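Okay, here's what each chain looks like letter by letter:
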Amino acid sequence: MPPARGFVRRIADATPADRDRGVDALRALAILGVVLGHWLVTAVVADSGTLRVTSPLKQLPELTPLTWLLQTLAVFFLVAGRVSTQGYVRARAAGGTYTQWLGPRLARLSRPVVVVAAVWAVAAVAMLAAGADQDTVWALVKLVWSPLWFLLVLALLTALTPLAARLSPWWPLAAVALSDLVRYGLNDPAPGWAEGVNVICGWLVPYCLGAAWAQGRPRGRAAGWGLLAGGAVVAAGLVGWGGYPAAMVGVPGAAVSNLDPPSLAAVAFGLAQCGATMLLAGPLRRALRRPRLWAGVALVNLGAMTIFLWHQTAMIAVTAVALKSGTAVTGLHTVPDGFGWVAWRVAWLPAFAAALAVCVLAFHAYERRRPPRRRRTRPG
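A brief report on the enclosed structure follows. (Residues numbered from 1 in each chain as written. Predicted model: local features only at pLDDT ≥ 70, side-chain atom pairs only at ≥ 80, totals over all residues. Heavy atoms only, no water.)

## Points about the overall build of the protein
- Helix and strand content of the protein: 16 helices and two strands.
- Relative to the globule expectation of 21 Å for 380 residues, the C-alpha radius of gyration of the protein, 22 Å, shows essentially globular dimensions.
- Dimensions of the protein along its principal axes, counting C-alpha atoms only, are 65 × 55 × 50 Å.
- Burial statistics for the protein: of 380 residues in total, 47% are counted as buried.
- Here the analysis covers contacts within the protein between residues at least 6 apart in sequence; of these, 77% occur between residues at least 24 apart.
- For the protein, the accessible area works out to roughly 19600 Å², and carbon and sulfur atoms hold 65% of it. (Helix = DSSP H or I, 4+ residues; strand = E, 2+ residues; numbered from the N terminus. Rg over C-alpha atoms; globule rule 2.2 N^0.38 Å. Buried < 20%, exposed > 50% of the residue type's maximum accessible area, 1.4 Å probe, protein only. Contact = heavy atoms within 4.5 Å. Areas by Shrake-Rupley, 256 points an atom, 1.4 Å probe, with all protein chains shown as cover.)

What follows is the structure in structure tokens.
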């Protein structure tokens, strides 16, 4: 048997019969959407010996539709809410406590983050010792660390799973609407608490929806179509007549961001994504009966956290190596001011993916590592 076929067969044999492959595929698509989105809309520009970070969305608003496809955080939180609720219900049915259920999940989130922090602390000191510009070092460190807010929110929502399982998603949605009314309609400047409300409640909406999905609500394809159509109409109305930006990510220099914190438009758009996700789950389950397709999805899920944590580092590594040539390389170090830059950036994606594969091979063990079992001692 060829090695590749044997590998696929081992993954298929190791998969439990009751594993929801469709949900795993949705998680993989959400993670890969975030990674691809960051790689396409982030540019590290070489400028007079200093590296600075910008976005092609600033110079090319025609790329805005990309953010509708690749800003997939609502899908991830939907799946997280479903999986966490199912896990919590099983743990409680087996006699486990809330703490016993929560502890291993938070540990799995924190362990790989500690590794990223340690590696980048050493890298930052090494770059400064080698004479790198402080602004350059700060820009690179910020590029790696800025997406990690997502993990803090995920950890908090995971801890709130028992509440989310009983809470209707319309309550946090109402909180986001009220917060946006305060931020944009009643106060100038907006109070700081309003942004904090949106950071939590904005992502609590899809998380609660995922928890409801785990419990059989909403039910049927009509619910999926309703979320898709309703969320899309509300998001389009808010963008067209409510003054919200069309881009579903932050754009440097823009007065308003749909993502920092999540706005009502982003949450409505996320509901549309959740509806599409529910409609896709069934077809994905059927498609993933094919062992080769399932093997790819399984591999992404096994290293999902590592992929997320190290994808910016992979892009930086390729950018840094190419900088050794002594000239600014289009698509890596130049200002993203035209579609030629976009074409070159797409051409560089395989190099980013190869560098990320190296990072996953080097660091995925810290994601999967389990705490050692305590040895039982005999009395006496």
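## Describing the environment of V137
- Inspection of the secondary structure puts V137 in helix α7 (residues 134-145).
- V137 sits 77 residues away from L60 along the chain, and the two C-alpha atoms are 27 Å apart.
- Excluding its chain neighbours within four sequence positions, the residues that come into contact with V137 are A124, M127, L128 and A132.

## Quick notes on the pattern of salt bridges
- Applying the stated criterion across every chain, the model contains five salt bridges.
- Put simply, D20 and R285 hold a salt bridge, and the shortest N to O gap is 2.8 Å. Of this pair, D20 sits in the loop between α1 (3-14) and α2 (21-41) while R285 is found in helix α13 (residues 264-287), placing the two residues 265 residues apart along the sequence.
- Its salt-bridge partner being R183, residue D180 comes within 2.9 Å of it at the nearest N-O pair. Note that D180 and R183 are positioned in helix α10 (residues 170-186) at a spacing of three residues, about one turn of the helix.
- Accessibility expressed as a relative area gives 9% for R183, which makes it buried.
- Connected through shared salt-bridge partners, R19, D24 and R27 make up one network. (Salt bridge = Lys/Arg side-chain N within 4 Å of Asp/Glu carboxyl O.)

## Digging into the state of the cysteines
- Summed over the entire model, instances satisfying the criterion amount to zero disulfides.
- The thiol sulfur of C274 is not disulfide-bonded, and the nearest other cysteine sulfur, from C208, lies at 11 Å. (Disulfide = S-S within 2.5 Å.)

## Regarding the layout of surface pockets
- The volume enclosed by the second largest pocket comes to roughly 1000 Å³.
- Contributing to the lining of the second largest pocket are 39 residues, with H38, S146, W149, G250 and L259 lying nearest its centre.
- Of all the elements in the fold, those that place two or more residues in the lining of the second largest pocket are α2, β2 (50-54), α4 (64-70), α7, α8 (149-159), α11 (192-214) and α15 (304-323).
- No other element matches the five residues that α2 contributes to the lining of the second largest pocket.
- Considered class by class, the residues forming the lining of the second largest pocket number 24 nonpolar, 13 polar and two charged. (1 Å grid on protein atoms, 1.4 Å probe; cavity = no way out; pocket = protein on both sides within 12 Å on 5 of 7 lines; lining within 4 Å. Points joined across faces, edges and corners; volume = space filled by probe spheres on them. Nonpolar A, V, L, I, M, F, W, Y, C, P; charged D, E, K, R; others polar.)

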